[in-house]
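# Architecture and fold: a report
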Amino acid sequence: MAKYKLSIIVPVYNEEQDIVNNLRKISREVLKLKADIGLFIVNDGSTDNTRILLGKLENKLNFFLINQNNKGYGGAIKIGAKKAFEQGYDYGLFMDSDLTNPPEFIKDFLNLITSGYDIIKADRFLKKSNMSEVPFKRRMFSIGANFVASLSFRLGIRDYTNGFRAINLKKFLSMKLKENHFPIIMEEMYYVKKFNLKITNITTTLKSRLEGSKKSSFEYDIKTLTSYLKYCIMSIK
């Protein structure tokens, strides 16, 4: 059985309140797994104290720190994937810095990357999954958006918009991804279908941000929804 190296790529923007504790939690989970896992933190042009905090933490937690001007979520994961691939990692696991993607699910991705899948998506709609902590309005938007995506892509999964996923970095970097913000998730799925990549999913729990934390940068605004719909239409054959 082939052995693959997994990188965890975490984009960060203005998370000074929680970033130290959250990265410690991710690092503790990684240490438990005793596997060849690299942690790549992309500071996407933070304007608060995030960069300073990450600089102090870098050597203590042994992660790769990438500082760049603000390019958005898509721009951050693209540079993170590129750097991880250059360091010899085969897969990239994208997860949010606010731990709405719980670190305890890292092991489930790790268990599947040796099975030859190109992309592994965390699926909030599987029977044992849970997103009860997510605000009702956002849940309804997610259900509606993924219903449309399921009809369009027809890849055998139900959660297309979830950003918690692991992907073969060589395949990811071969995609001509243009999006620099959250629609990159749907643009990526367009290429998954176009390239006929092997996909599977895992159960997950989607958490809400801690009380008092910075508001999430993600919003289902008209621009985002229009971009999502564009890739749904493009995927129909």
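Placed above this text is the structure.
All residue numbers refer to positions counted from 1 along the written sequence of the respective chain. The predicted origin of the model limits local features to residues at a pLDDT of at least 70 and limits the giving and counting of side-chain atom pairs to 80 or more, whereas totals for whole chains, interfaces and linings rest on all residues. Each side-chain value is derived from all of the structure's non-hydrogen atoms; neither hydrogens nor water enter the calculation.

### A short note on unusual backbone geometry
With a phi angle near 50°, Asn-14 is a residue other than glycine that sits in the positive phi range. Topologically, Asn-14 is positioned in the loop between strand E1 (6-12) and helix H1 (19-33). Strands here mean DSSP runs of E at least two residues long; helices mean DSSP runs of H or I at least four residues long; both are numbered from the N terminus.

### Regarding the layout of surface pockets
Counted as a void, the second largest pocket has a volume near 250 Å³. Grid points spaced at 1 Å over the protein atoms alone were grouped into cavities, where a 1.4 Å probe fits but cannot get out, and pockets, open sets with protein on both sides within 12 Å along at least five of seven lines, with lining residues defined by an atom within 4 Å of a point. The wall of the second largest pocket is formed by 13 residues, among which Val-30, Ile-37, Leu-39, Leu-61 and Asn-62 lie closest to the centre. Residue assignment for the lining of the second largest pocket shows that the elements contributing at least two residues are H1 and strand E2 (37-44). Gly is placed with the polar residues, together with every amino acid not listed as nonpolar (Ala, Val, Leu, Ile, Met, Phe, Trp, Tyr, Cys and Pro) or charged (Asp, Glu, Lys and Arg). Its residues assigned to classes, the lining of the second largest pocket shows 9 nonpolar, 3 polar and 1 charged. Grid points are joined across faces, edges and corners, and a volume is the space filled by probe spheres set on the points.

### So, the side chain of Ser-27
If you trace the backbone, Ser-27 turns up in helix H1. When neighbours within four sequence positions are excluded, Ser-27 is seen to be in contact with Leu-39 and Leu-61. What makes two residues a contact is simply this: any of their non-hydrogen atoms within 4.5 Å.

### Points about the sheet that holds strand E5 (residues 119-123)
Pairing between two strands requires that DSSP report at least two bridges joining them. On the basis of which strands lie adjacent, the open sheet formed by 7 strands has the order E3-E2-E1-E4-E6-E5-E7 and mixed pairing. Whereas interior strands pair on both sides, the edge strands pair on one side only; in this sheet they are strand E3 (64-68) and strand E7 (199-203). Mean inter-strand twist for the sheet, computed between neighbouring axes without regard to direction, equals 25°. Two strands pair when backbone bridges link them, and E5 and E7 are joined in this way by 5 bridges, in the parallel orientation. Of the residues in E7, the one forming a bridge with Lys-121 is Asn-201. Here helix H7 (residues 184-194) sits on the sheet in contact with strand E4 (91-94), E5, strand E6 (165-168) and E7, set at roughly 130° to E5. The convention used is that axes are lines fitted to C-alpha atoms, helices contributing only their stretch in contact, and that angles between N-to-C directions extend from 0 to 180 degrees.

### A few points about helix H8 (residues 222-235)
Because an α-helix completes one turn every 3.6 residues, residues spaced three or four positions apart along the sequence face the same direction. With 14 residues, H8 ought to run about 20 Å at 1.5 Å a step, and its terminal C-alpha atoms sit 20 Å apart, in line with that. Think of it in three bands: residues with accessible area under 20% of the maximum for their type are buried, residues over 50% are exposed, and the middle band is partly exposed, with areas taken using a 1.4 Å probe on protein chains only. Within H8, burial applies to Thr-224, Ser-227, Tyr-228, Tyr-231, Cys-232 and Ser-235. Along the axis of H8, the buried positions cluster into a sector of 140°, meaning they face one direction only. Every exposed residue of H8 that faces more than 90 degrees away from the buried side is listed here: Ile-222, Lys-223 and Ile-233. The inward-facing, buried residues of H8 contact helix H5 (136-153) and H7. One fewer than the residue count of a helix, multiplied by 1.5 Å, yields its expected span. Each direction from the helix axis to a C-beta atom contributes to the arc, which is the arc of those directions.

### Topic: the packing of aromatic side chains
Only rings of Phe, Tyr and Trp enter the pairing, Trp through its six-membered ring, and a pair is recorded when the two centres are within 6.5 Å. The plane angle decides the type: under 30 degrees is stacked, over 60 is edge-to-face, the rest tilted. Using the criterion set out here, one finds 9 aromatic pairs in the structure. A centroid spacing of 4.9 Å and a plane angle of 20° characterise the contact between Tyr-73 and Phe-182, whose relative ring orientation is stacked. Residue Tyr-73 is located in helix H3 (residues 73-86), and its partner Phe-182 is located in the loop between helix H6 (169-174) and H7; the two are separated by 109 residues in the primary sequence. What makes Tyr-73 buried here is its relative accessible area of 10%. Judged by its relative accessible area of 21%, Phe-182 falls in the partly exposed class. Here Phe-94 and Phe-172 contribute two aromatic rings whose centre-to-centre distance is 5.4 Å and whose plane-to-plane angle is 55°, an arrangement assigned as tilted. In this pair, Phe-94 sits in strand E4 while Phe-172 sits in helix H6, placing the two residues 78 residues apart along the sequence. Residue Phe-172 is classed as buried on the basis of its relative accessible area, which comes to 1%.

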